[in-house]
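# Structural features, examined
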Amino acid sequence: LEENIFSEIVPAEARLKPLLIRYAIQLTDKQKDHDGAIKIIDRVLPEMSGSEIRWNDLTYEGICYKAIALSRSNRAQEAVQLISKPPDIGKVAINQRWLWFYTKAIVSANAGNHSEASIEFEKAIKQLNQYRESLPQALRLTFFRDKSDIFEALVRYGYEQGNLALVFETIQSLKGRTFKD
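Just so it is clear, the structure is predicted and the values come from calculations on it, not from any experiment.

Taken as a whole and assessed by the stated rule, the structure comprises three aromatic pairs. Measuring from ring centre to ring centre gives 6.2 Å for Y60 and W100, while their planes differ by 20 degrees; the resulting arrangement is stacked. With Y60 in helix α4 (residues 57-72) and W100 in helix α6 (residues 98-110), the pair connects residues that are 40 residues apart, well separated along the chain. On the basis of an interplanar angle of 45 degrees and a centroid distance of 5.5 Å, the ring pair of F121 and Y157 is categorised as tilted. Of the two residues, F121 sits in helix α7 (residues 114-133) while Y157 sits in helix α9 (residues 148-160), which places them 36 residues apart along the sequence. Both residues of the pair, F121 and Y157, count as buried.

All chains considered together, the criterion is met by six salt bridges. The residue E120 makes a salt bridge to K123 at a minimum N-O spacing of 3.6 Å. With a gap of three residues between them, E120 and K123 both fall in helix α7, about one helical turn apart. On the basis of relative accessibility, which here comes to 35%, the residue K123 falls in the partly exposed class. As a salt-bridge pair, E133 and R132 come within 3.1 Å of each other at their nearest N and O atoms. Overall, the relative accessible area of 37% leaves E133 in the partly exposed class. You can call R132 buried: its relative accessible area is 2%.

Looking now at α4. When the terminal C-alpha atoms of α4 are compared, their 23 Å separation across 16 residues agrees well with the 22 Å that a helix rising 1.5 Å per residue should span. Of all 16 residues making up α4, 14 are buried, and the element is well covered by its neighbours. Positive phi appears at N74, one or two residues downstream of α4, with a value of about 60 degrees.

Put simply, α4 and α6 touch, their axes get as near as 9 Å, and they point 15 degrees apart. In terms of orientation, α4 and α6 fall into the roughly parallel class. Relative to α6, the crossing made by α4 is left-handed. Residues Y60, E61, I63, C64, Y65, A67, I68, S71 and R72 of α4 form the contact with α6, whose own contacting residues are W98, L99, W100, Y102, T103, I106, V107 and N110.

A separate point is the layout of surface pockets. Here the largest pocket defines a volume of roughly 350 Å³. Going through the elements one at a time, α2 (17-29), α4 and α9 are the ones with two or more residues in the lining of the largest pocket. For the lining of the largest pocket, the leading source of residues is α2, giving four residues. In terms of residue class, the lining of the largest pocket is built from three nonpolar, four polar and eight charged. Here the second largest pocket defines a volume of roughly 260 Å³.

For V167, the location among the structural elements is in helix α10 (residues 164-180). In this structure the C-alpha to C-alpha distance between V167 and V155, which are 12 residues apart in sequence, comes to 4.9 Å. Excluding anything up to four places from it in sequence, V167 contacts V155, G158 and Y159.

Cut-offs used in this document
- Residues numbered from 1 in each chain as written.
- Predicted model: local features only at pLDDT ≥ 70, side-chain atom pairs only at ≥ 80, totals over all residues.
- Heavy atoms only, no water.
- Phe/Tyr/Trp six-rings, centres within 6.5 Å; stacked < 30°, edge-to-face > 60°.
- Helix = DSSP H or I, 4+ residues; strand = E, 2+ residues; numbered from the N terminus.
- Buried < 20%, exposed > 50% of the residue type's maximum accessible area, 1.4 Å probe, protein only.
- Salt bridge = Lys/Arg side-chain N within 4 Å of Asp/Glu carboxyl O.
- Expected span 1.5 Å × (residues − 1).
- Axes fitted to C-alpha atoms, helices over the stretch in contact; angles between N-to-C directions.
- Parallel < 35°, antiparallel > 145°, perpendicular 65-115°, else oblique.
- Left-handed = near helix turned anticlockwise from the far one by under 90°.
- Contact = heavy atoms within 4.5 Å.
- 1 Å grid on protein atoms, 1.4 Å probe; cavity = no way out; pocket = protein on both sides within 12 Å on 5 of 7 lines; lining within 4 Å.
- Points joined across faces, edges and corners; volume = space filled by probe spheres on them.
- Nonpolar A, V, L, I, M, F, W, Y, C, P; charged D, E, K, R; others polar.

Next up, the structure:
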């Protein structure tokens with residue numbers, strides 16, 4: 001079935017690619033099928049391979065989620081290598097810049113580099129908050145609705161590290177932000 005989907009969709013218009021990337025994200029996040037997610041991303045975004053990546057929002061997302069899937073499938077070194085060269089941030093939508101730091105945090109945590117993971121989580125949240133503050137008041141309440149992964153990952157990370165202060169601080173800051181808005 002999967003091969004039939006690819007043979008029909010991959011040559012299709014570029015606007016279907018984001019849907020397949022999101023499907024790959026669901027595979028790795030919800031179904032824990034990391035290898036399936038990696039396979040989809042590689043098939044949908046062949047421009048990600050090679051030494052010179054053509055950066056745009058889609059390849060940026062693809063690289064980030066492929067690195068996360070690689071690190072979750074015990075291929076942390078491949079993930080580290082994939083994100084070793086930062087993107088041209090000017091070619092990435094401002095509302096997606098947090099994703100690079102989030103990816104680095106997840107990859108670092110899965111590779112056992114906990115001090116770097118903490119730093120990258122902080123950077124990701126800082127990017128999210130900066131963007132959120134630039135939004136009109138009416139949009140702020142719903143801004144974090146589709147960004148809960150980063151906060152769930154930070155809470156999970158804090159819990160796994162035995163850092164209950166981090167867990168508490170993260171939950172309290174989310175509650176405080178909602179109350180403030």
